[in-house]
Amino acid sequence: MSFKAGCAAATVAFGLSATTITAQAADFSGERIELIIPFSEGGGTDTWGRFWAPYFTTFLPGNPTVVVRNIPGGGSTTGANQFEARAQPDGLTAIGTSGSTQFPYLLQDKRVNFEMRDWRVVLASPTGGVVYVNADLGVESAENMGNLSDVKLVYGSQGATSLDLVPLLAFELLGWDVDAVFGMQGRGAGRLAFERGEVNIDYQTSSAYINNVTPLVTIGTAVPLFSWGAMDDDGNIIRDPSFPDLPSFPEAYEMMKGEKPSGPAWEAYKAFFIAGFPAQKLVFLPKGTPDDIVEAFRTAAQTATEDASFIEDRQAALGEYKQIVGDPAERIFRQAVSVPDDARVWVQNWLTEKYSVQF
């Protein structure tokens, strides 16, 4: 099966093979492995999962058939709850999550019936994002974005507890008057609202920005301000390698305010930025999966990242971000789900006061 054909593989019913892979033999010959994606088809996480699935088919022992199963609903908690309840520790079911799965977990959303910290991490796929505004606002770059302080801004959002929590916190830190219009069905809907002139500020994740917003910048209708940034090995937020000419959010803040960001809102922003972007998309196996099966998945992922076809095709699906496998993925995941209690409580209180979100 070719990689592109594998990406289009049909989904199958949620179930497990009768054959059990034991801890003594991580061989998946003749098996079918489900990669659960707790979102609808066609979104960013689905695209990412369908990019990875055929590489697992190729590089896992025995070349099993790896198929994507979409279980949308509940802001991705429906699929995650099913994974928690049904997946067996035999390597035949994995799940691919995004920041929109991590955030309800971190915020102790009542819809969450899974314990993510118990899952076994295979890999982490970082991504980034860029904030941009309508050129009619008269701002040319981050250097004069202080002019937006007296402007009424309108932002199309998927919801206050979704991945949009990061931009909402950023806008709060900057002190901007932003009217968040909730109910957007994905960031693509927010971009379309921007193109129609219904909103005047937006952000898109890296691949969507490169593919869909760059043309707007080229024709002069959109002005990029800053990226969220990326994390270095020491945990510092640095410029995004996909957008080296744009300041990171902390840089942009300092350009506008004349000082580095600090305080409870900043600590909350950093905590959820890490969960939302450096560790945005993760592949997990269920609790109790034996080490040899976990290592088989990790080795397959690592081998894939060194494959010529993967390297050639990854830009469109993954951007310029290094895929993080094995123990480094475990470390960044642990950091992502270790949001300090005071930051979590601050965010919960802020969401309740500002957006009437109840926990």
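Residues numbered from 1 in each chain as written. Predicted model: local features only at pLDDT ≥ 70, side-chain atom pairs only at ≥ 80, totals over all residues. Heavy atoms only, no water.

**Structural notes on the overall build of the protein chain**
Then comes step 1: For the protein chain, the helix and strand inventory stands at 13 helices and 13 strands.
Then comes step 2: For the protein chain, whose C-alpha radius of gyration is 20 Å, the value lies close to the compact-globule estimate of 21 Å for 359 residues.
Then comes step 3: Referenced to the eigenvectors of the C-alpha coordinate spread, the extents of the protein chain come out at roughly 65 × 40 × 35 Å.
Then comes step 4: Relative to its full complement of 359 residues, the protein chain shows a buried share of 55%.
Then comes step 5: Long-range pairs, those at least 24 residues apart, make up 77% of the contacts in the protein chain with a sequence separation of at least 6.
Then comes step 6: Just so you have it, the protein chain exposes about 14700 Å², and 47% of that area is on carbon and sulfur atoms. (Helix = DSSP H or I, 4+ residues; strand = E, 2+ residues; numbered from the N terminus. Rg over C-alpha atoms; globule rule 2.2 N^0.38 Å. Buried < 20%, exposed > 50% of the residue type's maximum accessible area, 1.4 Å probe, protein only. Contact = heavy atoms within 4.5 Å. Areas by Shrake-Rupley, 256 points an atom, 1.4 Å probe, with all protein chains shown as cover.)

**Some thoughts on the packing of helix α2 (residues 44–59) against helix α10 (residues 291–305)**
Then comes step 1: The contact between α2 and α10 brings their axes to 9 Å, and the two run at 110°. Between α2 and α10, the crossing angle belongs to the class labelled roughly perpendicular. In this structure, α2 contributes Trp 52, Tyr 55, Phe 56 and Phe 59 to the contact, and α10 contributes Phe 297, Ala 300, Ala 301, Thr 303, Ala 304 and Thr 305.
Then comes step 2: Its residues placed into classes, the contact of α2 with α10 shows eight nonpolar, two polar and no charged. (Axes fitted to C-alpha atoms, helices over the stretch in contact; angles between N-to-C directions. Parallel < 35°, antiparallel > 145°, perpendicular 65-115°, else oblique. Nonpolar A, V, L, I, M, F, W, Y, C, P; charged D, E, K, R; others polar.)

**Brief notes about the packing of aromatic side chains**
Then comes step 1: This model, assessed by the stated rule, comprises 34 aromatic pairs.
Then comes step 2: Ring centres 5.3 Å apart and planes at 70° place the aromatic pair Trp 119 and Phe 284 in the edge-to-face group. Highlighted residues: Trp 119 in the loop between α4 (99–106) and β4 (120–125) and Phe 284 in strand β12 (residues 281–285), separated in sequence by 165 residues. One exposure class covers both Trp 119 and Phe 284, and it is buried.
Then comes step 3: Summarising the aromatic geometry, the rings of Trp 350 and Tyr 355 are spaced 5.6 Å apart at their centres and angled 90° between planes, so their arrangement reads as edge-to-face. In this structure, Trp 350 and Tyr 355 share a single accessibility class: buried.
Then comes step 4: Within the aromatic cluster, the residues linked to one another by ring pairs are Tyr 203, Phe 226, Trp 228, Phe 249, Tyr 253, Trp 266, Tyr 269, Phe 273 and Phe 277. (Phe/Tyr/Trp six-rings, centres within 6.5 Å; stacked < 30°, edge-to-face > 60°.)

**A closer look at the pairing of strand β2 (residues 65–70)**
Then comes step 1: Where strand β1 (residues 32–37) meets β2, six bridges bridge the pair, whose relative direction is parallel. The residue bridging Glu 34 from the neighbouring strand is Val 67, located in β2.
Then comes step 2: Read from β1 through α2 to β2, the crossover connection turns out right-handed. (Pairing = 2+ DSSP bridges. Right-handed = clockwise from strand over helix to strand, strands pointing away.)

**Some remarks on helix α3 (residues 77–86)**
Then comes step 1: Looking at α3, one finds that the buried residues are Thr 77, Gly 79, Ala 80, Asn 81, Gln 82 and Phe 83.
Then comes step 2: Looking at the buried side of α3, the elements it contacts are β1, β3 (93–97), α4 and β12.

**Looking at the nonpolar core**
Then comes step 1: One finds Met 145, Trp 176, Leu 225, Phe 226, Trp 228, Phe 249 and Tyr 269 to be the most contacted residues of the largest nonpolar core, which totals 73 residues.
Then comes step 2: When residues no more than four places from it in sequence are discounted, the contact partners of Phe 226 are Gly 129, Val 130, Val 131, Met 145, Leu 174, Trp 176, Leu 246, Pro 247, Ser 248, Phe 249 and Ala 252.
Then comes step 3: One finds Phe 39, Trp 52, Val 68 and Ala 296 within the second-largest nonpolar core, a separate group that totals 30 residues. (Core = buried A, V, L, I, M, F, W, Y, C linked by side-chain atoms within 4.5 Å.)

**Focus on the environment of Asn 212**
Then comes step 1: Here Asn 212 is to be found in helix α7 (residues 206–219).
Then comes step 2: A relative accessible area of 32% means that Asn 212 is categorised as partly exposed.
Then comes step 3: Residues Asn 212 and Asn 63, spaced 149 residues apart in sequence, show a C-alpha to C-alpha distance of 36 Å.
Then comes step 4: Other than its neighbours up to four places away in sequence, Asn 212 contacts Arg 191 and Glu 195.

**Here we look at the pattern of salt bridges**
Then comes step 1: Tallied over the full model, the rule gives 18 salt bridges.
Then comes step 2: Note that Asp 109 is salt-bridged to Arg 111, the shortest N-O span being 2.9 Å.
Then comes step 3: For Asp 109, a relative accessible area of 15% gives the class buried.
Then comes step 4: Across the salt bridge formed by Glu 172 and Lys 354, the nearest N and O atoms sit 3.5 Å from each other. Here the residue Glu 172 occupies a position in helix α5 (residues 165–174), and Lys 354 occupies one in helix α13 (residues 341–355), the gap between them amounting to 182 residues.
Then comes step 5: One salt-bridge network, in which partners are shared between bridges, spans Glu 295, Arg 298, Asp 327, Glu 330 and Arg 334. (Salt bridge = Lys/Arg side-chain N within 4 Å of Asp/Glu carboxyl O.)

**Overview of the confidence of the model for the protein chain**
Then comes step 1: Residues with a pLDDT of 70 or more make up 93% of the protein chain, whose mean pLDDT is 88.
Then comes step 2: Strand β9 (residues 222–227) holds the highest mean pLDDT among the elements of the protein chain, 98, whereas helix α1 (residues 3–7) holds the lowest, 40.
Then comes step 3: Throughout residues 1–24 the model reports pLDDT below 50, and contacts reaching past four residues in sequence, or to other chains, amount to 56 contacts. (pLDDT = per-residue confidence, 0-100.)

**Points about the packing of α5 against α13**
In a pair of packed helices, the angle between the axes and the distance between the axes together describe the arrangement.
Then comes step 1: Remark: α5 packs on α13, axes separated minimally by 12 Å, with the N-to-C direction vectors making an angle of 80°. What the angle tells us is that α5 and α13 run roughly perpendicular. Here Leu 165, Leu 168, Leu 169 and Glu 172 of α5 come into contact with α13, specifically with Trp 346, Val 347, Trp 350, Leu 351, Lys 354 and Tyr 355.
Then comes step 2: The residue inventory of the contact of α5 with α13, partitioned by class, reads eight nonpolar, no polar and two charged.

**Focus on unusual backbone geometry**
Then comes step 1: Positioned with a positive phi, Gln 108 is a non-glycine residue whose angle comes to about 60°.
Then comes step 2: Tracing the backbone shows Gln 108 in the loop between α4 and β4.
Then comes step 3: We note that Ser 356 has phi near 60°; this positive angle belongs to a residue other than glycine.
Then comes step 4: Position of Ser 356 among the secondary structure elements: in the segment after α13.
Then comes step 5: Judged by relative accessible area, which is 55%, Ser 356 ranks as exposed.

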